[in-house]
Amino acid sequence: MTKIVVLVKEVPDAAVHKQVDSSTGRLDRSGEKTLNPFDTHAIEAALQLKESGALPVDEVVAITVGPAGAEKALHKAVSLGADRSIHLADDAVAGSDVVATGYALAELVKRENPDLVLLGQQSDDGQSYAVGAVVAENLGWPGLTQVIKLDVSGTELTCERQAEYGYDTVKVTLPAVISVGDAINEPRYPSLKAIMGAKKKPLEKLTVADAGIDASKVGAEGSQAVWQSAKQPPAKSAGEIIEDDDTAATVEKIVNWLDERKLI
Amino acid sequence: MSNILVYALHHEGAINKNSLGAISTASKLAAELGGEVHVALVGEDISDDVAGSVGKYGAAKALRVNAPAGVAQPVVDALDTIASAGDYGYAIFGGGLLGFEAGAGLAARRGGGIAVEITGLRVDGGQLVAERPILGDSSISEIKFKGFGVVVGRLNAFEVVESGSPVAVEDVAVSLSDASGKVSVVTRGEQRGADVNIEDANVLITGGRGLGKPENFSLADDLAKAFGGNSAVAATRAAVDAGWYPYAGQIGQTGKTVAPKLYLGLGVSGAIQHKVGMQSAENIVAINKDSNAPIFEFADLGVVGDLHTITPALTEAIKAKKG
Ligand SMILES: Cc1cc2nc3c(=O)[nH]c(=O)nc-3n(C[C@H](O)[C@H](O)[C@H](O)COP(=O)(O)OP(=O)(O)OC[C@H]3O[C@@H](n4cnc5c(N)ncnc54)[C@H](O)[C@@H]3O)c2cc1C
Ligand SMILES: Nc1ncnc2c1ncn2[C@@H]1O[C@H](COP(=O)(O)O)[C@@H](O)[C@H]1O
């Protein structure tokens, strides 16, 4: 039997205006939060592997590293179909950079010893596309990111993705860490019953000490990349906006705009 | 801690333009840091000419590693071996998918830090400072490193500058890690779909996921035809990955960089990875039904509305105007 771990992150809701805390140069993480939309594709990929029988999956475990509220993202993950979840919630990890976060996640993965780790192509807020590669490196496992097609045969994955010269097909041997692109599938919506049932699925809360994580390698102290105060880029004059209430009028405005610039 | 190691991505006998930009930028920075730029090339058939050409952009050394190309793990093994044997404070990647993967792997293996999507680099107090635009480019953060620093540039961020002449190539032997043996490239750089030309067009109508289905690319086609002359249809990665449009027509980080007179997006959200490939367009117009779409932050003309009603009417109006 095989086990799949899915790494999920809580991010600010896209509909909410994001801003930077000018005293720290970091993202202001207050405000409405949600499960990183890209991670729902990773959960869906895990469920499809399980349901299709491509892998004899007996368990899908969602893991997150994040502040107290982040368990909302885990509730969403289990309502989508993960069997249980793990939350590393410890002030000691606050301020971790990509390498520190990936290290902590890898330690959590080790405790579960899965056959496959799936994650999203990018976090909506961090957007480093790098956490997967850091987790793979810490585990000493092969890894591949931005995968949009995943076929399994025994312990071999055949992955397709778009890289800088076109589409690549790459074979990867399990256990492996795979980040999936949003084109890989169409995530399902959780049923009302699943949403209600989510709170009953096991959620394990861990501290750095519980998980055997070296506290000196996480948090702002343990991070090698130091973020500094943000500045504003040179101001760009704002564009014109047309709200389309009356299509004939809208089209006329667009045509005039284009005509003034000799674009027609 | 004064030398800089740069990874040069190459394919079919040519070094990636973003890597050449990284070498050019690194050579300027290394001079300020009092060190040299050494360039690593990883692959199985890299000629002396190709490897040695990195000297033209300011590299003092060309280090060639004979290992499989196209995946990150051998690159991490190669750069880690080289970094362990020398005096390197930083590694710089020109960007691209492999840059993110290999850069992150290298930072993790060497216990360093990583900064991605970097648009500017400077030296301050003997240290590199990297500029990272965040929040849809509305703000810029600066990143410094306590120890070994890995920098991955944003697409087209570093300018290619010729400043020297070819250097001799040194071959470096690297023993590959376990993980490297567990990834293998079956095919690389497959061009899916027809060979459309979007780089020479004056007017580019770009279709995104908002078109809804492949047949709706006809809306973009008809609009392009109405403009006539030198116009073409392009697409986002979302549309290309869905099989709606050929890869050759994709704009962005893993597609083409374009600078038409007019870019007109239909159902394009304007993600950073798309923006980096089209922000030099002279005029940017976007039709999107979500007034919060990031593309409205940089469009010259933003139209908030349903593309399915606006586009056909616009096509007719332009045809009428042209008579
Ligand atoms: C490493 C990496 C590399 C990448 N490389 C590229 C690249 O090269 N090129 C690229 O484009 N992307 C690239 N991406 C993907 C990028 O992040 C975005 O996911 C992608 O650009 C989104 O494409 P889209 O705008 O078509 O789709 P979406 O982001 O889904 O946007 C669709 C838009 O259509 C609008 N819409 C829907 N229906 C209608 C309607 N009826 N009328 C009007 N508007 C409507 C919606 O409001 C939405 O804003 C890359 C990502 C990563 C992580
Ligand atoms: N703190 C975290 N906890 C769990 N998973 C994470 C965390 N940060 C990032 N990830 C995963 O890594 C992916 C890529 O994130 P990033 O490298 O930040 O763009 C996300 O889609 C998540 O699946």
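Procedures and definitions
- Residues numbered from 1 in each chain as written.
- Chains lettered and ligands numbered in written order.
- Predicted model: local features only at pLDDT ≥ 70, side-chain atom pairs only at ≥ 80, totals over all residues.
- Heavy atoms only, no water.
- UniProt positions renumbered as here; feature names shortened; annotations may be inferred.
- Near = heavy atom within 4 Å.
- Polar contact = N/O pair within 3.5 Å; in protein donor to acceptor, adjacent residues only side chain to side chain.
- Areas by Shrake-Rupley, 256 points an atom, 1.4 Å probe, with all protein chains shown as cover.
- Nonpolar A, V, L, I, M, F, W, Y, C, P; charged D, E, K, R; others polar.
- Helix = DSSP H or I, 4+ residues; strand = E, 2+ residues; numbered from the N terminus.
- Buried < 20%, exposed > 50% of the residue type's maximum accessible area, 1.4 Å probe, protein only.
- Pairing = 2+ DSSP bridges.
- Axes fitted to C-alpha atoms, helices over the stretch in contact; angles between N-to-C directions.
- Contact = heavy atoms within 4.5 Å.

Naming follows an unreviewed UniProt entry, where chain B appears as Electron transfer flavoprotein alpha subunit of Patulibacter medicamentivorans. As stated in UniProt under Subunit (unreviewed entry), the record for chain B gives "Heterodimer of an alpha and a beta subunit."

Chain A goes by Electron transfer flavoprotein small subunit in an unreviewed UniProt entry, where it is assigned to Patulibacter medicamentivorans. Here is the UniProt Function (unreviewed entry) comment for chain A, exactly as written: "The electron transfer flavoprotein serves as a specific electron acceptor for other dehydrogenases. It transfers the electrons to the main respiratory chain via ETF-ubiquinone oxidoreductase (ETF dehydrogenase)." Recorded in UniProt for chain A, the comment headed Subunit (unreviewed entry) runs: "Heterodimer of an alpha and a beta subunit."

If you check the shell around ligand 1, you find 31 residues, and the closest are Arg209, Thr236, Ile251, Ser269 and Gln273 of chain B. More than a single chain frames ligand 1: its nearby residues are located in chains A and B. Contact between ligand 1 and glycine 267 of chain B: an oxygen atom at 3.1 Å from a main-chain N or O atom of the residue. Between lysine 289 of chain B and ligand 1, the recorded distance is 3.1 Å, taken from a backbone N or O atom to a nitrogen atom. In the complex, 89% of the free accessible area of ligand 1, which totals 990 Å², lies under the protein chains. Considered class by class, the residues forming the shell around ligand 1 number 7 nonpolar, 18 polar and 6 charged.

To continue, consider unusual backbone geometry. Residue and element names in this part refer to chain A. Of note, the amide linkage connecting leucine 174 to proline 175 takes the cis form, showing an omega dihedral of -5 degrees. Backbone geometry at glutamine 127 places phi at a positive 45 degrees, although glycine is not the residue there. If you trace the backbone, glutamine 127 turns up in the loop between strand 8 (116–120) and helix 4 (131–139). Taking relative accessible area as the criterion, glutamine 127 reaches 18% and is therefore assigned buried.

What follows concerns the UniProt feature "domain: Electron transfer flavoprotein alpha/beta-subunit N-terminal" (unreviewed entry) in chain B. Taking the numbering used here, the UniProt-annotated feature "domain: Electron transfer flavoprotein alpha/beta-subunit N-terminal" (unreviewed entry) corresponds to residues 4–183 of chain B. With 28% helix and 35% strand, residues 4–183 of chain B has its two end C-alpha atoms placed 28 Å apart.

What follows is about the sheet that holds strand 8 of chain A. Strand order across the open sheet formed by 10 strands is 13(A)-7(A)-6(A)-1(A)-8(A)-12(A)-9(A)-10(A)-11(A)-13(B), with mixed pairing between neighbours. Of all the strands in the sheet, just strand 13 (203–206) of chain A together with strand 13 (183–190) of chain B have a single pairing partner and so form its edges. Averaged over all pairs of adjacent strands, the angle between strand axes in this sheet comes to 30 degrees, irrespective of strand direction. Note that strand 1 (residues 2–7) of chain A and strand 8 of chain A share 4 bridges and pair parallel. Along strand 8 of chain A, the bridge assignment pairs valine 6 of chain A with leucine 118 of chain A. Along the sheet, helix 4 of chain A makes contact with strand 1, strand 8, strand 9 (143–153) and strand 12 (176–180) of chain A, crossing strand 12 of chain A at roughly 175 degrees.

This next bit is on the site of ligand 2. Residue and element names in this part refer to chain A. By nearness alone, 19 residues border ligand 2, and Leu7, Asp39, Val65, Ser123 and Ser128 come closest of all. One of the backbone nitrogen or oxygen atoms of leucine 7 is found 2.7 Å away from an oxygen atom of ligand 2. Note that an oxygen atom of ligand 2 is positioned 3.0 Å from one of the backbone N or O atoms of glycine 120. For ligand 2, the protein covers 97% of the area, taking 480 Å² as the surface of the free molecule. Of all elements in the fold, only strand 6 (57–65), helix 3 (98–112) and strand 8 reach the threshold of two or more residues within the shell around ligand 2. Here the shell around ligand 2 gets 3 residues from one element, more than from any other, and that element is strand 6.

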